[in-house]
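# Architecture at a glance
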Amino acid sequence: MQDLADATESLEQLVVGWRRMVLDRDEAADVRDLPGIAVRWADSRFAFWNCVTLTDVGADPELVRQRLSRAAEIMRAKKRPGFLWVFEDLLTDEARAALGAAAEQAGLEHAFPGTGMAGDLLPLPEPVHPDLTFIRVTTDEHLRAYADLNSQAYGFPLEDGRDGLVGSALWKDGVHAYLGVRDGVPVTCAATVEVAGRLFVVLVATAPAWERKGYGEAVTRKALYEGGRATGLTRATLHATAAGAPVYPRIGFEPNSPMAFYALKN
């Protein structure tokens, strides 16, 4: 185990932040805090709103094996697929070494890696990008564009992304969500939301045809800038995929706990 404070912060941001996101999508969503497991499951077609995560600190291999078995059982009872999130630094070294085998035994397969990140980086200067105009998400049309960018970036069908966002009141008011528009077409997006005294960055995406142009960094800076102005918060957090991880240190984020995402085996 590494720095438990950083890993615990990263876990808390997910557990608290995803509760709000999931209940926004479905007031009857499965939101439970069980021994060692947090369930945040909207049973949405948008798989990121279907989440289970391990919450023990310092779990040994046997306890992790038990938790993984229970998590897989919960996931199998659901209509829609989702992910188990594991913050690896919360495990003992022995449990971390045995994680892959324990997950396989539970009927889970590794989906993709991630990294928790945080930083005392606010306020930021107001961002600009020569190619982009920034538009705050305030309508369902904006939300549809935001959803479609995430679907394209993460390989989801467009209707799955739309099922996760379109119609949300929270995303049009309580979340500082922004589109980066080039020549009238949304090409990138990012959002921040206040979670437990932090500004939590969520659902950053760029259309694949427009990657590697600094668009994701620019729109993330915009969401942070506006979220910071509105809340007065100075610390920000996020959970990065491997593709996005190189962007965020340029803004001031520092990596903390490695993360592993698991899905049920087909």
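For the structure, check the block above.
Nothing here was measured: the structure is a model prediction, and the numbers come from that model.

### Brief notes about the packing of aromatic side chains
All chains considered together, the criterion is met by 18 aromatic pairs. An angle of 75° between the planes, with centres 5.2 Å apart, marks the rings of Trp18 and Trp49 as edge-to-face. Here Trp49 lies in the loop between β2 (37-41) and β3 (50-54) and Trp18 lies in helix α1 (residues 4-25), a separation of 31 residues in the sequence. Residue Trp18 is classed as buried on the basis of its relative accessible area, which comes to 4%. Residue Trp49 is classed as buried on the basis of its relative accessible area of 0%. Both rings, one in Phe46 and one in Phe48, keep their centres 5.7 Å apart while their planes meet at 85°; by these two values the pair is edge-to-face.

### Describing the pairing of strand β1 (residues 30-34)
Looking at chain direction, β1 and β2 are connected through five bridges and run antiparallel. Considered in β2, the bridge of Val31 is made with Arg40. Counting the residues in the hairpin turn of β1 and β2 gives two residues, including Gly36, whose phi is positive at 75°.

### Structural notes on the side chain of Asn50
Its place among the elements puts Asn50 in strand β3. Owing to a relative accessible area of 0%, Asn50 belongs among the buried residues under this scheme. Not counting chain neighbours up to four residues away, the residues in contact with Asn50 comprise Arg40, Trp41, Ala42, Asp43, Ser44, Arg80, Pro81, Gly82 and Phe83.

### A look at the packing of helix α5 (residues 140-154) against helix α6 (residues 158-165)
For the pair α5 and α6, the least separation of the axes is 8 Å and the interaxial angle reads 130°. Between α5 and α6, the crossing angle belongs to the class labelled oblique. Pair α5 / α6 crosses with right-handed handedness. When α5 is examined against α6, the residues Leu143, Arg144, Tyr146, Ala147, Asp148, Ser151 and Gln152 are found in contact with a partner set consisting of Leu158, Gly161, Arg162 and Leu165. A class-by-class count of the residues in the contact of α5 with α6 yields five nonpolar, three polar and three charged.

### Topic: the pattern of salt bridges
This model, assessed by the stated rule, comprises 24 salt bridges. Between Glu9 and Arg235 there is a salt bridge, with the nearest N and O atoms lying 2.7 Å from each other. Of the two residues, Glu9 is situated in helix α1 and Arg235 in strand β10 (residues 235-241); the sequence distance between them amounts to 226 residues. Judged on exposure class, the residue Glu9 and its partner Arg235 are both buried. For Glu217, the salt bridge identified is with Arg221, shortest N-O distance 3.1 Å. Of the two residues, Glu217 and Arg221 are both situated in helix α8 (residues 215-231); the distance of four residues between them amounts to about one turn of the helix.

Procedures and definitions
- Residues numbered from 1 in each chain as written.
- Predicted model: local features only at pLDDT ≥ 70, side-chain atom pairs only at ≥ 80, totals over all residues.
- Heavy atoms only, no water.
- Phe/Tyr/Trp six-rings, centres within 6.5 Å; stacked < 30°, edge-to-face > 60°.
- Helix = DSSP H or I, 4+ residues; strand = E, 2+ residues; numbered from the N terminus.
- Buried < 20%, exposed > 50% of the residue type's maximum accessible area, 1.4 Å probe, protein only.
- Pairing = 2+ DSSP bridges.
- Contact = heavy atoms within 4.5 Å.
- Axes fitted to C-alpha atoms, helices over the stretch in contact; angles between N-to-C directions.
- Parallel < 35°, antiparallel > 145°, perpendicular 65-115°, else oblique.
- Left-handed = near helix turned anticlockwise from the far one by under 90°.
- Nonpolar A, V, L, I, M, F, W, Y, C, P; charged D, E, K, R; others polar.
- Salt bridge = Lys/Arg side-chain N within 4 Å of Asp/Glu carboxyl O.

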